[in-house]
Amino acid sequence: MIENLVIVESPAKARTIERFLGKDFHVKSSFGHIRDLTKKNLGIELDNKYKPQYIISEDKKKIVAELKKIAGEAKIVWLASDEDREGEAIAWHLSEVLNLKTENTKRIVFHEITKSAIQAAIQQPRGIDQNLVNSQQARRVLDRLVGFELSPILWKKIQPSLSAGRVQSVAVRLLVEREREILSFKPAASYKIEGIFMFLDQDGQERPFKAEIPKRFPSKQKTLEFLNKNKDAEYVVTNIEVKPAKRWPSPPFTTSTLQQEASWKLGFSVIQTMLVAQKLYEAGKITYMRTDSVNLSNLALSAAKKTISNEFGNEYIKIRKYKTKAKGAQEAHEAIRPTYLQNKSIDGAATEKKLYELIWKRTIASQMSDALLEKTVATIDVSTTEEDFIATGEVIKFDGFLRVYTESKNEEAEGKKKNILPLLKINQTLTNKSILGIEKFTQPQFRYTEAGLVKKLEELGIGRPSTYAPTISTIQNRGYVVKEDRPGSERKINLIRLENKVITEEIQTEFAGREKGKLFPNDIGMIVNDFLVDHFNDILNYNFTAKVEKEFDEIALGKLDWTEMIDEFYQSFHKKVEETLKCSEKKTGERILGEDPVTGLTVLVKMGRYGPVAQSGDAGKDKKPRFARLLKGQLIETITLEEALNLFKLPRIIGAYEGKDVIIGVGKFGPYIRHNDKFYSLKKGIDDPLTIEIERAKELIEEKRKSDRKKVIKTFSEDPDILILKGRYGPYLSYKKKNYRIPKAKDPGELSYEESLELIKKGQKSSTKNK
């Protein structure tokens with residue numbers, strides 16, 4: 001007989017909890033959800049009250065059978081899944097499937113996996129909160145309904161294997177709308193005027209400082225006129241304003257702010273942040289990582305006060321109680337913080353150490369004093385013009401929380417340096433070293449990073465902490481969006497300099513539109529978005545998605561019946577689905593570019609079966625139209641006739657090497673070189689398939705061959721297809737384009753031919769079993 005059975009949702013969490021409980025407690029994992037909804041068992045009947053029919057998935061049947069057996073032997077069953085709505089639903093599913101009795105089943109929750117938190121939870125058990133369960137059911141069912149009903153329409157009207165979702169489709173819409181804003185943006189030029197002035201420091205050394213004319217000059221001519229007036233000008237300080245200023249720390253992390261800051265500071269993707277945070281939570285190092293709250297417990301505040309006093313002194317303490325302002329924030333959880341604030345660092349993987357340190361710094365900084373600054377604004381009169389130069393500077397008088405932590409804002413804030421001003425006096429005459437007129441162009445809005453998209457979704461009240469990472473992962477996996485760097489394009493800018501009463505001009509080059517780690521919608525994402533906006537605008541409406549989130553909150557509070565909410569939504573939605581299936585036309589995004597000047601054939605671009613293509617000729621009129629894949633970065637919406645015609649030059653033979661033709665083409669995975677029936681990739685952002693020459697192709701072929709030779713650990717004369725290779729995650733065995741594991745105990749260099757055959761046979765048997 002087992003005294004106490006504790007069931008949690010993950011093995012890692014089970015292992016950590018087990019450390020804090022006595023021998024009377026047996027801890028087991030359900031390995032996540034044990035029941036699911038498929039299209040067949042959603043249970044929708046339009047005239048009856050809605051009730052889903054959950055099923056136990058095949059891979060969970062053994063787990064369920066084991067848990068049933070142990071639960072039947074336990075005096076008390078403790079359901080200890082996470083404290084959010086999803087965790088509550090897992091507890092409810094376990095209770096239903098395992099046929100647990102109310103009298104010996106207890107629900108416990110804790111926001112940190114520490115001995116004191118777990119013991120406190122055991123002292124205060126409760127029942128399953130059916131309102132939270134219903135809220136999660138409503139979310140799950142609604143999202144399944146949208147996905148299951150919209151996706152087949154996309155298969156018929158656009159192409160197979162596409163998907164739609166209540167949150168993911170809205171996220172794609174945000175990206176598509178931003179992309180179109182950027183593509184239609186027309187940059188306007190103006191001139192920024194910067195002056196470098198000199199002053200003597202305490203050591204009598206001349207030091208420069210910078211001042212600017214606040215307004216921009218609209219043209220080169222106006223800039224030259226201004227600089228000419230400055231040739232014989234005198235510069236006098238006419239006004240100095242010194243104002244005290246404060247900077248205060250940001251609140252502790254919520255899920256979304258952690259994702260944003262980990263992206264900006266550590267370069268983590270949203271999904272990586274959540275995976276690392278999950279490990280830290282399950283290891284008992286941080287509090288629960290899916291939360292909207294910025295609140296800290298009294299215990300945490302006390303620990304922060306003590307840590308700050310010990311580390312920095314009492315003058316750095318300022319205890320704050322933050323209130324959550326996020327639109328539609330749910331559950332009164334605590335913010336994400338270290339479980340033990342006295343621990344500045346932890347042992348573990350490098351990613352875990354970095355994320356923990358970020359969380360520790362943010363938490364501690366939130367309870368530290370404001371930074372005290374002094375801002376100085378000096379006005380410098382120009383004797384020959386109406387315009388004044390303005391110099392601004394900032395000095396930190398007391399660093400406060402800045403001693404520990406500075407928040408990253410966004411791309412606009414990156415790289416801005418503070419100007420340090422000398423001690424100036426009114427009526428002081430200054431020496432001008434130079435004045436520079438720099439041509440500047442207006443910039444479009446930034447493309448979204450993963451973190452920026454999370455921030456926007458949160459601002460709009462779309463999604464919840466648990467949904468941001470999977471949403472962003474899904475839209476990339478579906479091919480609607482790609483995350484990548486783009487080099488931008490060269491742009492000439494004018495620089496006009498006045499120095500020693502002489503005006504000189506030069507032209508410099510800058511890169512416009514350079515992007516790093518940004519989200520770009522692909523053609524298929526744009527086509528799917530347009531189709532859904534045309535036919536299901538209410539579902540993709542930002543307000544609708546936020547309204548649904550509020551309704552989930554109402555259900556969680558017991559103020560709204562979840563089945564009525566689903567029924568109200570589904571009645572009109574299903575009618576719209578049937579209408580669209582009958583009446584809408586197939587969408588390919590087709591765009592006619594013009595005529596080929598040589599052949600006279602119509603040239604168009606559209607979405608083909610395997611991606612966007614250019615087409616020369618009409619399938620109805622011409623015998624055999626020609627097709628060419630669009631290159632990476634080219635869009636159906638923006639490609640020109642000239643660019644499309646160039647695509648028909650591929651594949652092209654650029655010469656011979658080792659007696660074999662070298663052919664350049666574009667395939668499913670991008671531009672390639674084909675030589676002697678082998679393929680070599682062109683370097684992204686470096687090699688253009690339309691202009692690459694034979695010598696560069698030879699370099700790439702030899703580079704790949706050299707790399708492949710380094711990968712080979714061992715070959716076998718008995719069968720050249722069997723290779724022992726070095727891989728990213730360690731040595732492996734390769735045979736006829738399939739890979740097989742090598743046991744860790746085996747030295748890959750010592751593997752015999754017979755042992756290799758045995759590993760291949762075992763791998764093939766294992767693969768057959770899993771099918």
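Everything numeric in this text was worked out from a predicted model, so none of it was measured. (Residues numbered from 1 in each chain as written. Predicted model: local features only at pLDDT ≥ 70, side-chain atom pairs only at ≥ 80, totals over all residues. Heavy atoms only, no water.)

A. Main features of the overall build of the chain. If you tally the helices and strands in the chain, you get 20 helices and 28 strands. In terms of its C-alpha atoms, the chain occupies a principal-axis envelope of roughly 95 × 80 × 65 Å. For the chain, buried positions account for 47% of its 771 residues. At a minimum sequence separation of 6, the contacts of the chain that also span at least 24 residues come to 70%. On the chain, roughly 41200 Å² of surface is accessible, and the fraction owed to carbon and sulfur atoms is 49%. Looking at the chain, you have 133 positive and 110 negative side-chain charges, and the mean spots of the two groups are 3 Å apart. (Helix = DSSP H or I, 4+ residues; strand = E, 2+ residues; numbered from the N terminus. Buried < 20%, exposed > 50% of the residue type's maximum accessible area, 1.4 Å probe, protein only. Contact = heavy atoms within 4.5 Å. Areas by Shrake-Rupley, 256 points an atom, 1.4 Å probe, with all protein chains shown as cover. Lys, Arg positive; Asp, Glu negative; His and termini not counted. Charge placed at Lys NZ, Arg CZ, Asp CG, Glu CD.)

B. Region of the structure containing the sheet that holds strand β20 (residues 626-629). Taking strand neighbours across the sheet as the criterion, the four strands line up as β17-β18-β19-β20 in an open arrangement whose pairing is antiparallel. Strand pairing shows two members of the sheet lacking a second neighbour, β17 (591-595) and β20, which therefore form its edges. Put simply, the sheet's adjacent strands are angled 25° from each other on average, direction ignored. Relative to strand β18 (residues 602-608), β17 runs antiparallel, the two sharing four bridges. Counted as the bridge partner of arginine 591 is valine 605 from β18. (Pairing = 2+ DSSP bridges. Axes fitted to C-alpha atoms, helices over the stretch in contact; angles between N-to-C directions.)

C. Local environment of helix α2 (residues 61-73). Between its first and last C-alpha, α2 extends 19 Å over 13 residues, near the 18 Å set by a 1.5 Å rise per residue. All buried positions along α2 are accounted for by Ile63, Val64, Leu67, Ile70 and Ala71. With its buried residues spanning 135° around the axis, α2 presents them on a single face. Residues of α2 that are exposed and point over 90 degrees away from its buried face: Lys62, Lys69 and Gly72. In this structure, the buried residues of α2 make contact with β1 (2-8), β2 (25-29), β4 (55-56), β5 (74-79) and α3 (85-97). (Expected span 1.5 Å × (residues − 1). Arc of directions from axis to C-beta.)

D. Structural detail: the packing of aromatic side chains. For the structure on display, the rule yields 17 aromatic pairs. With centroids separated by 6.0 Å and ring planes inclined at 75°, the aromatic side chains of tyrosine 54 and tryptophan 92 adopt a geometry described as edge-to-face. Taken together, the residues tyrosine 54 in the loop between β3 (35-36) and β4 and tryptophan 92 in helix α3 connect sequence positions 38 residues apart. Assessed through its relative accessible area of 12%, tryptophan 92 is described here as buried. Judged by centre distance (4.9 Å) and plane angle (20°), the ring pair of phenylalanine 569 and phenylalanine 573 falls under stacked. Of the two residues, phenylalanine 569 and phenylalanine 573 are both situated in helix α17 (residues 562-583); the distance of four residues between them amounts to about one turn of the helix. The same class applies to phenylalanine 569 and to phenylalanine 573, which are both buried. Taken together, the aromatic side chains of Phe197, Phe199, Phe209, Phe217, Phe226, Tyr235 and Phe389 make up a single cluster linked through ring pairs. The ring centre of tryptophan 92 lies 5.4 Å from the NZ or CZ of arginine 35, which sits over that ring. Note that arginine 486 overlies the ring of phenylalanine 520, its terminal NZ or CZ placed 3.6 Å from the centroid. (Phe/Tyr/Trp six-rings, centres within 6.5 Å; stacked < 30°, edge-to-face > 60°. Lys NZ or Arg CZ within 6 Å of the ring centre and 35° of its normal.)

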